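In case you want the letters, here they are:
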Amino acid sequence: MSQNPLVSLIILTYNQENYIEEAIEGALSQTYSPLEIVFSDDNSPDSTFEVISKRLENYNGPHKIILNKNVPNLGLVQHVNKLVSEVCTGDYIAFSAGDDISMPARIEESIKFINENTEVVALSTSLIVIDENSDISANQPKEIKNNVIYDLNYFLSDSFKHINGPSRIVSKQVFNFFPPLNSNCPTEDSTYLFRSFLIGKVGLLANKGVKYRVHGNNMSSAAGLKKMNVN
């Protein structure tokens, strides 16, 4: 029997018909096992869910596939709450947006590091930034040469810099310890990061595990941030 923990990889989708095929291929390419992949669409008015369904209807690969569509639309945080509490069964939950692309070794490398550093309850990999055409952007995040483990003191310090969410994997103990996110919380990213620091440590891998797509419709774009009530 496998000694690896079960991982749930969530692909969160909403209006991403132009990008979802690449996100699907990235998820299915994962070298890690055992892995359940949850493709979950928040009632997109475009053809995102239809593209997912068609691609997966004859899938016979090594991963367990779960397909979910919310009716009606729940919004980001309630969508995540539903998946974490009702759908995912993994010991760890990894998050990915429907416009980003996971590299094949993303989950395998993340779990390997966590197994070697048991105090780590959440982990991100480094990113490759791409544009709407999947071309590598000229604006890349600053590279780190070595893997890093951060603690709560770092989070509270003046030197703290946000640890990216697009490649994050989180231990189920974080979700079990805290209640569901409030319905008026604008994003799950920063809250889960803070909660992780309260009960453990957070890692960052130097290896690039996700191609993060930057385009005008990103939630974290300038236009998207203006729509958020961060208070």
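Scoring rules and cut-offs
- Residues numbered from 1 in each chain as written.
- Predicted model: local features only at pLDDT ≥ 70, side-chain atom pairs only at ≥ 80, totals over all residues.
- Heavy atoms only, no water.
- Core = buried A, V, L, I, M, F, W, Y, C linked by side-chain atoms within 4.5 Å.
- Buried < 20%, exposed > 50% of the residue type's maximum accessible area, 1.4 Å probe, protein only.
- Helix = DSSP H or I, 4+ residues; strand = E, 2+ residues; numbered from the N terminus.
- Contact = heavy atoms within 4.5 Å.
- Salt bridge = Lys/Arg side-chain N within 4 Å of Asp/Glu carboxyl O.
- Phe/Tyr/Trp six-rings, centres within 6.5 Å; stacked < 30°, edge-to-face > 60°.
- Pairing = 2+ DSSP bridges.
- Polar contact = N/O pair within 3.5 Å; in protein donor to acceptor, adjacent residues only side chain to side chain.

**Q** I would appreciate a short explanation of the nonpolar core in the present structure.
**A** Across soluble globular proteins, you tend to see nonpolar side chains buried next to one another. One finds Ile10 and Phe95 to be the most contacted residues of the largest nonpolar core, which totals 29 residues. Of all the elements in the fold, those that place two or more residues in this core are β1 (7-13), α3 (76-87), β4 (92-97), β6 (120-130), α5 (152-156), α6 (172-177), α7 (189-199) and β9 (201-213). Broken down by element, this core gets its largest block of residues, five residues, from α3. With residues near it in sequence (within four places) discarded, Phe95 still touches Ile10, Leu12, Val80, Val84, Arg106, Pro166, Arg168, Val170, Phe175 and Tyr192. By size, the runner-up hydrophobic cluster in this structure holds 25 residues, among which are Val7, Ile52, Ala94 and Ile111.

**Q** Sorry, what's going on with the pattern of salt bridges here?
**A** Opposite charge on two side chains makes pairing possible when the charged atoms of those side chains draw close. Under the definition given, this model contains six salt bridges. Linking Arg55 and Glu25 is a salt bridge whose minimum nitrogen-to-oxygen distance equals 2.6 Å. Here the residue Arg55 occupies a position in helix α2 (residues 48-56), and Glu25 occupies one in helix α1 (residues 20-28), the gap between them amounting to 30 residues. Classification of Glu25 by relative accessible area gives partly exposed; the value is 37%. For Arg168, the salt bridge goes to Asp189, with nearest N and O atoms at 2.6 Å. Placement of the pair is Arg168 in the loop between α5 and β8 (169-171) and Asp189 in helix α7, with a sequence separation of 21 residues. Its relative accessible area of 3% is what places Arg168 among the buried residues.

**Q** Teacher, can you tell me more about the packing of aromatic side chains here?
**A** The geometry of an aromatic ring pair comes down to the distance between the two centres and the angle between the two planes. In total, this model carries nine aromatic pairs according to the counting rule given. For the ring pair Phe177 and Phe178, a centre distance of 5.0 Å and an interplane angle of 70 degrees mean the geometry is edge-to-face. Classification of Phe178 by relative accessible area gives buried; the value is 18%. Put simply, the rings of Tyr150, Tyr154, Phe155, Phe160, Phe194 and Phe197 pair up and form one aromatic cluster.

**Q** In this structure, what is going on with the pairing of β6? I would like to understand it.
**A** The side chains of a regular strand alternate, first on one face of the sheet and then on the other. Of all the eleven residues making up β6, eleven are buried; the element is thus mostly covered by neighbouring parts of the structure. Note: β6 against β8, two bridges, orientation antiparallel. Pairing of Leu123 across the sheet is with Ile169, part of β8.

**Q** Help me understand the side chain of Gln16 in this model?
**A** You can see Gln16 is positioned in the loop between β1 and α1. Of note is the side chain of Gln16, whose polar atom sits 3.4 Å from the backbone nitrogen of Gly98. Apart from the residues lying within four places of it in its own chain, the contact partners of Gln16 are Asp46, Thr48, Gly98 and Asp99.

Keep in mind that these numbers describe shape and distance, not what the molecule does.
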